[in-house]
Amino acid sequence: MKHNNTSRISPDIDAPLSAALDEVIQKCSACGACQTKCRFLQIHGLPKAIAEAYDPASNALLAYECSLCGLCGAVCPERLDPTLLFLAMRRNAAGTGRMDFSHYKTILGYEKRGNSPLFSYYGLPEGCDTIFFPGCTLTGTRPETTHRIFTHLRNSIPNVGIVLDCCNKISHDLGRQHHFITMFDEMRRFLTSHHVHNVLAACPNCYDVFHEYGKGLRVETIYEHLSRNGLPAHQPFFGQVTLHDPCPLRMEEGIHKAVRDVAVKLGFSIREMKHKRNRTVCCGEGGSVGFWKSEFANEWTRLRKTEAGDLPILTYCAGCAGFLGRKLRTFHIADALFSPQDCINGNVKVVKAPFTYLKRLQLKRRFKRELKPAVSRSRSAP
């Protein structure tokens, strides 16, 4: 190993980090391609320099300034993904107790409530092999839209189930790997033990988690399903937008195509931004970096504002819609499924915190009242 202070790296806890450090040191050519748009790398140096200077006693928390968006890997000519190193650094800091997670009290509380008996709900009809997994943010900010999507899905999948739960991507990205695996695997085992094989995800982060960790489960986005099976009825419409691809899906070309297909079928004309598809940039929310280094998060938002110009932004992530929507005219494609004209006119009503929690409770009660599932449950307290 060439990186500094290797004597401080314990073999049991830090073996994955040590391997990630060595890979970056050996493969990074220090060409600078990844540094062009990333404020984190502009401040702290190229991945090779960061790996060589790593010292758990002095810069173990450096990776919490990275948004984990993956753009560095997408542009790397060596096919290296430095995000894996920064995630390993986060897991090391969390696993060795170096990270004080009080900085993330708000977002971790949000995750915990998503897993709680109060907010979670599983409704699996007789013969259910497919579930709709809308994620935490869509259900709170757009409860009526979530319900209408589920109702529409039942036209093509009569025995589709509903799962209101949190995928724990927050803990995953913060490096709380033991907690993440414990919580996600309990959900995965419950679903597979009840013969669920397919997950229709509305949230890019949820898709990402199921895609990587959902052994025994096949996941696709609702946009792919809608592209193949038809959209809800809507009034004829035409309007121009630009489109923001969420960074967890940057390498998912099939999803990029499906979303654009849905958008065009709804009546939108899309003017693409410079950074799109596999070269998309983070909205600013990625990796919960705003809780640790808000100026780095805001840098991404400023770039998006420059590229969008005077056009409204269409996206397919409720988190991106919320984060970008603070400063830019942004709406979710789920809103447009039922009323694209209202999106362009700015007439879409999105629920704001803390009322999102109330709306999630009301949506859960609605599903419990309307569905007659063969299997149902709420999670036990973690």
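Our focus in this paragraph is the packing of aromatic side chains. Think of a pair of aromatic rings as described by two things: how far the centres are apart, and how the planes are tilted against each other in angle. Counting across every chain of the model gives 18 aromatic pairs. Geometrically, the ring pair formed by Tyr 122 and Phe 190 is edge-to-face, given 5.3 Å between the ring centres and 80° between the ring planes. In this pair, Tyr 122 sits in strand 1 (residues 121-124) while Phe 190 sits in helix 10 (residues 177-193), placing the two residues 68 residues apart along the sequence. Overall, Phe 190 belongs to the buried group, its relative accessible area being 14%. Through a chain of ring-to-ring contacts, three or more aromatic side chains come together here, namely Tyr 64, Phe 101, Tyr 104, Phe 291 and Trp 292. Lying over the aromatic face of Phe 296, Lys 293 brings its terminal NZ or CZ to 5.6 Å of the ring centre.

Tracing the backbone through its elements, the reader meets Ile 333 in helix 16 (residues 333-336). Separated by 258 residues in sequence, Ile 333 and Val 75 have C-alpha atoms that sit 27 Å apart. Aside from chain neighbours lying at most four places away, what touches Ile 333 is Tyr 223, Val 259, Val 262, Ala 263, Leu 266, Leu 314, Thr 315 and Tyr 316.

Further remarks concern the sheet that holds strand 2 (residues 130-133). With mixed pairing, the six strands of this open sheet are ordered in space as 5-4-2-3-1-10. Since the sheet does not close on itself, it has two edges, and those belong to strand 5 (218-221) and strand 10 (375-377), each with one partner. Strand-to-strand twist across the sheet, computed as the mean angle between neighbouring axes with direction ignored, equals 20°. Sheet topology note: the strand 1/strand 10 ladder contains three bridges and is antiparallel. Bridge pairing links Gly 123 to Ser 376 in strand 10. Strand contacts of helix 12 (residues 222-229): strand 2, strand 4 (198-201) and strand 5, with the helix running at about 70° to strand 5, the strand carrying the most contacts.

The subject of this paragraph is the pairing of strand 2. Side chains Thr 130 and Phe 132 project from strand 2 onto one buried face, and the interleaved Ile 131 and Phe 133 project onto a second face that is buried too. Across two bridges, the pairing between strand 2 and strand 3 (residues 161-164) is parallel. If you follow Ile 131 over to strand 3, its bridge partner there is Gly 161.

Right, let's get into empty space enclosed by the protein. Applying the stated rule across the entire model yields four cavities of 30 Å³ or more. Considered as a void within the structure, the largest cavity measures approximately 100 Å³ in volume. In this structure, the largest cavity is lined by 15 residues; those nearest its centre are Cys 28, Cys 31, Cys 34, Pro 47 and Cys 76. Tallied by class, residues from the lining of the largest cavity come to twelve nonpolar, two polar and one charged.

A word on the sheet that holds strand 6 (residues 239-244). Reading across from one edge, 7-6-8-9 is the order of the four strands in this open sheet, with parallel pairing throughout. Two strands bound the open sheet, and with one partner strand each, they are strand 7 (268-270) and strand 9 (330-332). Across the sheet, the axes of successive neighbouring strands diverge by a mean angle of 45°, strand direction being ignored. The pairing of strand 8 (residues 313-315) with strand 9 spans three bridges and is parallel. Opposite Thr 315, over in strand 9, you have His 332 as the bridge partner. Relative to the sheet, helix 13 (residues 253-266) contacts strand 6, strand 7 and strand 8, its axis offset from that of strand 7 by approximately 135°.

For the structure shown, the criterion picks out zero disulfides. Cysteine Cys 128 remains unbridged, with the sulfur of Cys 206 as its closest cysteine sulfur at 17 Å. The class of Cys 128 is buried, set by a relative accessible area of 6%. Of all cysteine sulfurs in the structure, the one in Cys 206 sits closest to Cys 203, which takes part in no disulfide; the separation is 3.8 Å.

Here we come to the side chain of Ser 227. One can find Ser 227 in helix 12. Non-local contacts of Ser 227, meaning those with residues more than four positions away in its chain, are made with Ala 258, Asp 261, Val 262 and Lys 265.

Calculation criteria
- Sequence positions are assigned chain by chain, starting from 1 and proceeding in written order.
- pLDDT decides what is reported in this predicted model: residues at 70 or higher carry local features, side-chain atom pairs at 80 or more are listed and counted, and totals for whole chains, interfaces and linings draw on all residues regardless.
- Excluding hydrogens and water, the side-chain figures rest on all heavy atoms present in the structure.
- We call Phe, Tyr and Trp rings a pair once their centres come within 6.5 Å, taking the six-membered ring for Trp, and we label the pair stacked below 30 degrees between planes, edge-to-face above 60, and tilted otherwise.
- Starting at the N terminus, helices and strands are each numbered in turn, a helix being any DSSP run of H or I of at least four residues and a strand any DSSP run of E of at least two.
- The classification of residues rests on relative accessible area computed with a 1.4 Å probe and restricted to protein chains. Under 20% of the type maximum is buried, over 50% is exposed, and intermediate values are partly exposed.
- Whether a charge sits over a ring depends on NZ of Lys or CZ of Arg being within 6 Å of the ring centre and within 35 degrees of the ring normal.
- In this description, contact between two residues means that some pair of their heavy atoms is separated by no more than 4.5 Å.
- Whether two strands pair depends on DSSP finding at least two bridges between them.
- The axes used here are C-alpha line fits, helices contributing only the stretch in contact, and every angle between their N-to-C directions lies in the interval 0 to 180 degrees.
- In this analysis the probe radius is 1.4 Å and the grid spacing 1 Å, with only protein atoms considered; a cavity is a set of points the probe fits into but cannot get out of, a pocket is an open set with protein on both sides within 12 Å along at least five of seven lines, and lining residues have an atom within 4 Å of a point.
- Grid points are joined across faces, edges and corners, and a volume is the space filled by probe spheres set on the points.
- Nonpolar residues are Ala, Val, Leu, Ile, Met, Phe, Trp, Tyr, Cys and Pro. Charged residues are Asp, Glu, Lys and Arg, and all others, Gly as well, are polar.
- In this description, a disulfide is simply a cysteine sulfur pair whose atoms lie within 2.5 Å.

Just distances and angles here, no functional claims.
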